Amino acid sequence: MQSVPVGSMEYHEAQSVGWLTFPSFDGLPFLRHAFSTRLGGVSTGEFASMNLNFGRGDPRETVQENFRRFCAAAGFPYESLAASAQDHHTVIRRMRVENRGVGIRFPRDRESVDGLVTDDPAVTLVTYYADCTPLFFADPAHRAVGLAHAGWRGTAAGMAARMAERMAQEFGTRPQELIAAVGPAIGPCCYEVDEPVARQFRGLEGVPAQAALREIGGGKYIVDLWEANRRLLLHAGLLPENITVARVCTRCHSRLLWSHRATGGRRGGLAAFLRVLPEEE
């Protein structure tokens, strides 16, 4: 299977389904990960074709079939999927075998979960995106992983650090041993905000305002969610060489990736996948 560079990631395709991976995570033999694209599903109209978001008007059965096709192509057991219930907060949930199917095959059982962690090979973590920032975490020493959704609210609330702290609590993870990646999200080329949002990035601990915020006049600012999250990971104790930034803007790549801003909200959605592999694999 051939791969094509996209930013700091690699594009893969099989069975007409496309997805992205990080070379730094591809090199970790204890896990499998992927970030979906718009390509290879069965959705139609404004959701065409690989929509992985429920609740936007696409029939549930269609979205489930998209998940099945994505899993078959990218190498995840469909029955193992367990999803978040995102609302832009910093609640983190540990997922175990009994949580398989939550939010995918079965209705979600919680209303606020923006971060997921596990060391259970029976579970594949799933989180959702369409401009917000995906954060991937891997702890090779303890064979544990985490996924987090960090839009501007989650970023400003320190989701990156909360994930490192939670993995330390659950698995004994040491920040300097964590491998992390900042996934595709709306980039500093395109993320224009107003003063109330900009205010949240002034005085953000570990993130100098000039690193993540640029005034462009008329009460408007550019926020760099990529750099803000990278700085937050460093502040949490991760080593710079262990952090990869995708440098893939969802709005600029809106023919490949779903972007809320590029579509004016008429869209499907993307998903991140992360699984610990059984030791025999």
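Refer to the preceding data block for the structure.
The structure presented is a predicted model; accordingly, all values stated were derived computationally and were not measured.

Caption draft 1: How the structure looks around the pairing of strand E8 (residues 124-129). Most of E8 sits inside the fold, with six of its six residues counted as buried. Here E8 shows two buried faces, one formed by Thr 124, Val 126 and Tyr 128 and the other by Leu 125, Thr 127 and Tyr 129. As paired elements, E8 and strand E16 (residues 270-276) share six bridges and run antiparallel to each other. Along E16, the bridge assignment pairs Leu 125 with Leu 274.

Caption draft 2: Summary view of the nonpolar core. In terms of nonpolar packing, the biggest core is built from 43 residues, with Phe 137, Phe 201, Leu 233 and Leu 238 touching the most fellow members. Residue contributions to this core peak at seven residues, all from helix H4 (residues 159-171). If you look at the next biggest cluster of nonpolar residues, it comprises 35 residues, including Phe 22, Phe 25, Val 248 and Val 276.

Caption draft 3: Geometry of the sheet that holds strand E2 (residues 9-14). Strand order in the open sheet formed by seven strands is E1-E2-E3-E4-E16-E8-E5, and the pairing between neighbours is mixed. Where the open sheet ends on each side, the last strands, each with one partner, are strand E1 (3-6) and strand E5 (81-83). The average undirected angle you get between the axes of adjacent strands in this sheet is 30°. Bridge analysis of E1 against E2 gives four bridges, and the strand direction is antiparallel. What sits directly across from Ser 3, in E2, is His 12. With respect to the sheet, helix H2 (residues 60-74) is in contact with E2, strand E3 (17-21), strand E4 (31-36), E5, E8 and E16, its orientation differing from that of E3 by roughly 60°.

Caption draft 4: Structural detail: helix H7 (residues 225-235). Buried within H7 we find Leu 225, Trp 226, Glu 227, Ala 228, Asn 229, Leu 232 and Leu 233. One side-chain oxygen of the residue at the start of H7 lies 3.1 Å from the amide nitrogen of Trp 226, identifying that residue as Asp 224. Positioned one or two residues after H7, Gly 237 has a phi angle of 110°, which is positive.

Caption draft 5: Spatial organisation of the sheet that holds strand E6 (residues 92-94). Strands sit in the order E6-E7-E10-E9-E11-E15 across an open sheet of six strands; the sheet is mixed. Since the sheet does not close on itself, it has two edges, and those belong to E6 and strand E15 (243-245), each with one partner. The sheet shows a mean angle of 15° between the axes of neighbouring strands, direction not considered. Here three bridges tie E6 to strand E7 (residues 115-118), and the two strands are oriented parallel to one another. By the bridge assignment for E7, Arg 93 is matched with Leu 116. In this fold H4 packs onto E6, E7, strand E9 (133-139) and strand E10 (144-150), with an angle of close to 155° to the strand it touches most, E10.

The rules behind these values
The residue numbering used here restarts from 1 in each chain and proceeds along that chain's sequence as written. Only residues with pLDDT of at least 70 get local features here, since the model is predicted, and only at 80 or more are side-chain atom pairs given and counted; chain-wide, interface and lining totals rely on the full set of residues. Note that the side-chain values use all heavy atoms of the structure and ignore hydrogens as well as water. Each residue's exposure class comes from its accessible area (1.4 Å probe, protein chains only) as a fraction of the maximum for that residue type: buried when under 20%, exposed when over 50%, partly exposed otherwise. Strands are runs of DSSP state E lasting at least 2 residues, helices are runs of H or I lasting at least 4, and numbering of each runs from the N terminus. We call two strands paired when DSSP finds no fewer than two bridges between them. The nonpolar core is taken to be a set of buried Ala, Val, Leu, Ile, Met, Phe, Trp, Tyr and Cys residues, with the residues joined through side-chain atoms within 4.5 Å. Convention adopted: a line fitted to C-alpha atoms gives each axis, helices being fitted over their contacting stretch, and angles between N-to-C directions are expressed from 0 to 180 degrees. Working rule for contacts: check all heavy atoms of both residues, and any pair within 4.5 Å makes them a contact. Residues adjacent in sequence count toward polar contacts only when both atoms are side-chain atoms; beyond that, a polar contact is any pair of N or O atoms within 3.5 Å, and within protein one must be able to donate a hydrogen and the other to accept it.

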